[in-house]
Amino acid sequence: LLMGVAISCTTYSVAYSVLGRMVEPAKRAWAFGISAAAGSFGQFVMIPLGQWFITTSGWSVALLWLALICATMAPLGAYFARLGQEGALPQPLGVGQASAKEALSTAFGDRSYILLIFGYFVCGFQVVFIGAHLTPYLLDRGVPAHVGVTALALIGLFNVFGTYLAGVAAGRVPKRHVLALIYFMRSVVIVTFLALPLSPLTVYLFAAAIGFLWLS
């Protein structure tokens, strides 16, 4: 629950809300793909750095260092929000700012939105489950910790390419088709990984494949 609240206040939802106001609809999916790719590169950098903090200073000190780094999101977010207001595209006539209650009421009255929530439940199960449990699973199976850390970093690296290509594809074909294909291919990759003999090579191949589909 706390992770969900934190992610909703600090990650793509913040960037996308600003980009959605600044970028014309025809290029919006492409801009979202570039934004997600940049964030994925951050994952590629931060996971080895976090492991280095843990190795040199212990997990509690590492948590404090990471918290200090995360605290920089607040002033950057405030600047980004102001940038979005200054560079916002003209809104259609008759479109006003809805209250949170009005927005939620409208959203939950839309069948497509409800279906999207169920889709994101699948997404969250696949993505967050792997992010939280892949390394402990590998440790339980006798795989060294550095393999798990490298795998998570590879996920971030390959997601740079996956999110960008998904953004390009979403601008050309119906987004629901792209989303369904990504969810299906994630399932195929996960089942294949569990079926194969476990080794550092299969872990790295799994990380590359699932990374390509990670946040696409």
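The rules behind the values
- Residues numbered from 1 in each chain as written.
- Predicted model: local features only at pLDDT ≥ 70, side-chain atom pairs only at ≥ 80, totals over all residues.
- Heavy atoms only, no water.
- Helix = DSSP H or I, 4+ residues; strand = E, 2+ residues; numbered from the N terminus.
- Buried < 20%, exposed > 50% of the residue type's maximum accessible area, 1.4 Å probe, protein only.
- Contact = heavy atoms within 4.5 Å.
- Areas by Shrake-Rupley, 256 points an atom, 1.4 Å probe, with all protein chains shown as cover.
- Lys, Arg positive; Asp, Glu negative; His and termini not counted.
- Charge placed at Lys NZ, Arg CZ, Asp CG, Glu CD.
- Axes fitted to C-alpha atoms, helices over the stretch in contact; angles between N-to-C directions.
- Parallel < 35°, antiparallel > 145°, perpendicular 65-115°, else oblique.
- Nonpolar A, V, L, I, M, F, W, Y, C, P; charged D, E, K, R; others polar.
- Polar contact = N/O pair within 3.5 Å; in protein donor to acceptor, adjacent residues only side chain to side chain.
- Core = buried A, V, L, I, M, F, W, Y, C linked by side-chain atoms within 4.5 Å.
- Expected span 1.5 Å × (residues − 1).

**Structural notes on the overall build of the protein**
Moving on, step 1. Looking only at helices and strands, the protein features 10 helices and zero strands.
Moving on, step 2. The order of α-helices and β-strands along the protein, N terminus first, is α-α-α-α-α-α-α-α-α-α.
Moving on, step 3. Scored against the burial criterion, the 216 residues of the protein give a buried share of 25%.
Moving on, step 4. Taking the intrachain contacts of the protein between residues at least 6 apart in sequence as the baseline, contacts between residues at least 24 apart amount to 73%.
Moving on, step 5. Carbon and sulfur atoms form 74% of the exposed surface of the protein, whose accessible area is close to 13,900 Å².
Moving on, step 6. Both charge centroids of the protein, one from 11 positive and one from 5 negative side chains, sit 7 Å from each other.

**Things to note about the environment of Val45**
Moving on, step 1. Tracing the sequence through the fold places Val45 in helix H3 (residues 25-57).
Moving on, step 2. For the pair Val45 and Leu154, spaced 109 residues apart in the sequence, the C-alpha separation amounts to 10.0 Å.

**Section: the environment of Val149**
Moving on, step 1. Among the structural elements, Val149 can be located in helix H8 (residues 145-170).
Moving on, step 2. Between the C-alpha atom of Val149 and that of Gln51, which follows or precedes it by 98 residues, the distance is 7.3 Å.

**So, the packing of H3 against H8**
Moving on, step 1. Following both chains from N to C, one finds H3 and H8 inclined at 175°, their axes separated by 7 Å at the closest point. As far as their axial angle goes, H8 and H3 are roughly antiparallel.
Moving on, step 2. Counted by class, the contact of H3 with H8 contains 18 nonpolar, eight polar and no charged residues.

**Things to note about the side chain of Thr202**
Moving on, step 1. Mapped onto the elements of the fold, Thr202 is located in helix H10 (residues 200-212).
Moving on, step 2. The class for Thr202 is buried, based on a relative accessible area of 15%.
Moving on, step 3. At a separation of 2.8 Å, a polar atom in the side chain of Thr202 contacts the main-chain carbonyl oxygen of Ser199.
Moving on, step 4. Beyond its immediate sequence surroundings of up to four residues, Thr202 is in contact with Phe193 and Pro197.

**Examining the nonpolar core**
Moving on, step 1. Ile130, Leu134, Ile155, Phe206 and Ile210 are the most contacted members of the largest nonpolar core, which has 23 residues in total.
Moving on, step 2. Considering every element that reaches this core, the biggest residue donor is H8, with six residues.
Moving on, step 3. Contacts of Ile210, omitting those with residues within four sequence positions, involve Ile130, Ile155, Arg186, Val189 and Ile190.

**Considering H3**
Moving on, step 1. Taking 1.5 Å of rise per residue, 33 residues should cover 48 Å, and H3 covers 47 Å from first to last C-alpha, within 8% of that figure.
Moving on, step 2. Lining the buried residues of H3 we find helix H2 (12-22), helix H4 (59-71), H8 and helix H9 (175-195).
Moving on, step 3. Gly58 sits one or two positions beyond H3 and adopts a positive phi of about 95°.

**A few points about H10**
Moving on, step 1. End to end, H10 covers 18 Å across 13 residues, agreeing with the expected 18 Å (1.5 Å per residue, within 8%).
Moving on, step 2. For H10, the full list of buried residues reads Thr202, Val203, Phe206, Ala207, Ala208, Ile210 and Gly211.
Moving on, step 3. Against the buried residues of H10 lie helix H7 (111-140), H8 and H9.

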